[in-house]
Amino acid sequence: MDDNPECWAMVCDAPGAGLRREARPVPEPGRGQILVRVKACGVCRTDLHVVDGDIPAHYPVVPGHEIVGEVLALGSGASGFAIGQRVGIAWLGSTCGTCFYCRSGRENLCDHPVFTGATRDGGYATHAMADAGFCFPIPDGLGDLDAAPLLCAGLIGWRSLRMAGDGERIGFYGFGAAAHLLAQVAVAQGRQVFAFTREGDTNAQQFALSLGCAWAGASSDLPPEELDAAIIFAPVGGLVPLALKAVRKGGRVVCAGIHMSDIPGFPYSDLWGERSILSVANLTREDGRSFLASDHVHAIDSHVTRYDLADANRALDDLREGRLTGAAVLVP
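Description of the structure in this document. Quick caveat: nothing in here was measured; it's all calculated off a predicted structure.

1. Points about the sheet that holds strand β13 (residues 227–232)
Okay, so step 1: A sheet is described by the order of its strands in space; here six strands give the open sequence β12-β11-β10-β13-β14-β15, paired in parallel fashion. This sheet does not close on itself; its edge strands, each paired only once, are β12 (215–218) and β15 (276–279). Recorded for the sheet is a direction-independent mean angle of 20° between the axes of neighbouring strands.
Okay, so step 2: Where strand β14 (residues 247–255) lies against β15, four bridges are found, and the strand directions are parallel. By the bridge assignment, V254 is partnered in β15 with L278.
Okay, so step 3: Lying on the sheet, helix α5 (residues 177–188) is in contact with β10 (169–173) and β11 (192–197); it crosses β10 at an angle near 170°.
Okay, so step 4: With respect to the sheet, helix α6 (residues 202–210) is in contact with β11 and β12, its orientation differing from that of β12 by roughly 165°.

2. Some thoughts on the pairing of strand β17 (residues 327–331)
Okay, so step 1: A large share of β17 lies buried, amounting to five of its five residues.
Okay, so step 2: Neither face of β17 is open: one carries A327, V329 and V331, the other A328 and L330, and all of them are buried.
Okay, so step 3: Here strand β3 (residues 33–43) pairs with β17 via three bridges, running antiparallel. The partner of G42 across the bridge, within β17, is V329.
Okay, so step 4: Of the strand pairs in this sheet, strand β16 (residues 304–308) and β17 are connected by five bridges, and their pairing is parallel. Of the residues in β17, the one forming a bridge with Y307 is L330.

3. A few points about the nonpolar core
Okay, so step 1: In terms of nonpolar packing, the biggest core is built from 91 residues, with I34, Y124, F172, F175, I231 and F291 touching the most fellow members.
Okay, so step 2: Ranked by the residues each element gives to this core, the list is headed by α5, at seven residues.

4. Description of the environment of G93
Okay, so step 1: With respect to the element layout, G93 can be found in strand β6 (residues 92–94).
Okay, so step 2: The class of G93 is buried, set by a relative accessible area of 4%.
Okay, so step 3: In the structure, G93 is positioned 40 residues away from G133 in sequence and 8.9 Å away in space, judged by C-alpha atoms.
Okay, so step 4: Among residues more than four places away in sequence, those in contact with G93 are V114, F115, T116, R120, D131 and F134.

5. What about unusual backbone geometry?
Okay, so step 1: Going from Y59 to P60, the amide bond is cis rather than trans, its omega being -5°.
Okay, so step 2: Looking at where P60 falls in the secondary structure, it is placed in the loop between α1 (45–52) and β4 (67–74).
Okay, so step 3: In the Ramachandran plot, N282 falls in the positive-phi region, its phi being about 60° despite a non-glycine side chain.
Okay, so step 4: Note that N282 resides in the loop between β15 and α9 (285–292).
Okay, so step 5: For H303, which is not glycine, the phi torsion reads 45° and is therefore positive.
Okay, so step 6: Its location among the elements puts H303 in the loop between α9 and β16.

What counts, and where the lines are drawn
Residues numbered from 1 in each chain as written. Predicted model: local features only at pLDDT ≥ 70, side-chain atom pairs only at ≥ 80, totals over all residues. Heavy atoms only, no water. Pairing = 2+ DSSP bridges. Helix = DSSP H or I, 4+ residues; strand = E, 2+ residues; numbered from the N terminus. Axes fitted to C-alpha atoms, helices over the stretch in contact; angles between N-to-C directions. Contact = heavy atoms within 4.5 Å. Buried < 20%, exposed > 50% of the residue type's maximum accessible area, 1.4 Å probe, protein only. Core = buried A, V, L, I, M, F, W, Y, C linked by side-chain atoms within 4.5 Å.

Put into structure tokens, the structure is as follows:
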């Protein structure tokens, strides 16, 4: 199966404990599963929420759900992939297939899901296990490091962009790993993108403008034109009332994060006019297939900062403190 009889992983034992390195035997894939040698794993803000205990997880756990790897072994009944093929593993690890949401075509809302890097070990490791039916082929010509952030920041951003509707003017609140990828997609679609950053973060604002955004400013600023929709990528509930003030009547405010601080009160007049607030929960396999098959994927520059796997704690700290431009990716 593997000429290396041992693998190793960065493990979080409990909320707030940080990560430690642990040697492990190479696992055997079960029925319907594939074993993957990890080639790159993106560092997502959701990983921070797992490590910090902001969202439910099963500890000890290996974080990481933006995984690009090479198939090493197939469990019985696993299909769709061949040994040696490159594969992507994302946040949604499996679903029950029988609950109301699964039966109604909304597997992202499954009552009994498995989440990679939270309720199942993820990709901060040399090897990872996944259900074959929930993995994606990586398009040829897309490098491992560039592909990794697409598997969550890209996919959740893609779902959020579609839920925001077809409006011409769209605002992105929080210009990090997801927003910088989706800004490139939205600009390619012919939309005007308005980037909102932390107060005084001129580096992020200049970065946004360099990617083709029509305007960049602080989150507390009003844009020069009313927005058709806004997507909030930052986990800050206080941005919701600000975004509502920025969107036109009938506009949408999409909350893209899995975790957000409490939303403060705001006057009903800011919501009135058939404005709406909605959240994005997880993703579906159709999101992954449609995004990775789209014409936009090969044109995206992921602006990757590379870290050795052993430096995963440093990568998480850099993300937490806002020291990253673009996306962080771990390489074993």
